[in-house]
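Working through the structure, step by step
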Amino acid sequence: MPYSAGDAGKGASLFKTRCAQCHTLASGEPHKVGPNLHGLFGRQSGQAEGFSYTAANVNKKVHWEEQTLFEYLENPKKYIPGTKMAFAGLKKEKDRSDLITYLKEATA
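Residues numbered from 1 in each chain as written. Predicted model: local features only at pLDDT ≥ 70, side-chain atom pairs only at ≥ 80, totals over all residues. Heavy atoms only, no water.

By the naming in an unreviewed UniProt entry, the protein chain is Cytochrome c domain-containing protein, taken from Galerina marginata. Under the UniProt heading Sequence similarities (unreviewed entry), the note attached to the protein chain is "Belongs to the cytochrome c family." The UniProt entry for the protein chain carries this comment under Function (unreviewed entry): "Electron carrier protein. The oxidized form of the cytochrome c heme group can accept an electron from the heme group of the cytochrome c1 subunit of cytochrome reductase. Cytochrome c then transfers this electron to the cytochrome oxidase complex, the final protein carrier in the mitochondrial electron-transport chain." (UniProt positions renumbered as here; feature names shortened; annotations may be inferred.)

1. Some thoughts on the environment of His31
Inspection of the secondary structure puts His31 in the loop between α1 (8-18) and α2 (55-60). Classification of His31 by relative accessible area gives partly exposed; the value is 28%. Contacts of His31, omitting those with residues within four sequence positions, involve Asn36, Ala48, Glu49, Gly50 and Phe51. Polar side-chain contacts of His31 include one of 2.8 Å to the backbone nitrogen of Asn36. Among the polar contacts made by the side chain of His31, one reaches the main-chain carbonyl oxygen of Glu49 at a distance of 2.8 Å. (Helix = DSSP H or I, 4+ residues; strand = E, 2+ residues; numbered from the N terminus. Buried < 20%, exposed > 50% of the residue type's maximum accessible area, 1.4 Å probe, protein only. Contact = heavy atoms within 4.5 Å. Polar contact = N/O pair within 3.5 Å; in protein donor to acceptor, adjacent residues only side chain to side chain.)

Shown next, in the form of structure tokens:
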């Protein structure tokens, strides 16, 4: 199933409970266990300046857009074998759409 626009408010709640412990969003905020996600859309995997990625992330060369994130967030370890991201994924399509809709606003 392809990505479709979701509810940014619900996506913000998902980010807070599932992602914020490892990622920041605003320009200039520091990396945590995971990279800062500012400027995520249109960026290639493994390219946030100053973050130490696994070779798997760098070599995957995914360009992050709505659809690639939709597929990745279902099961990150399956999408990029060898990633160090411990997140198990969001199985519900609606949750992924909501989160991506929020990320589009919050990382621009």
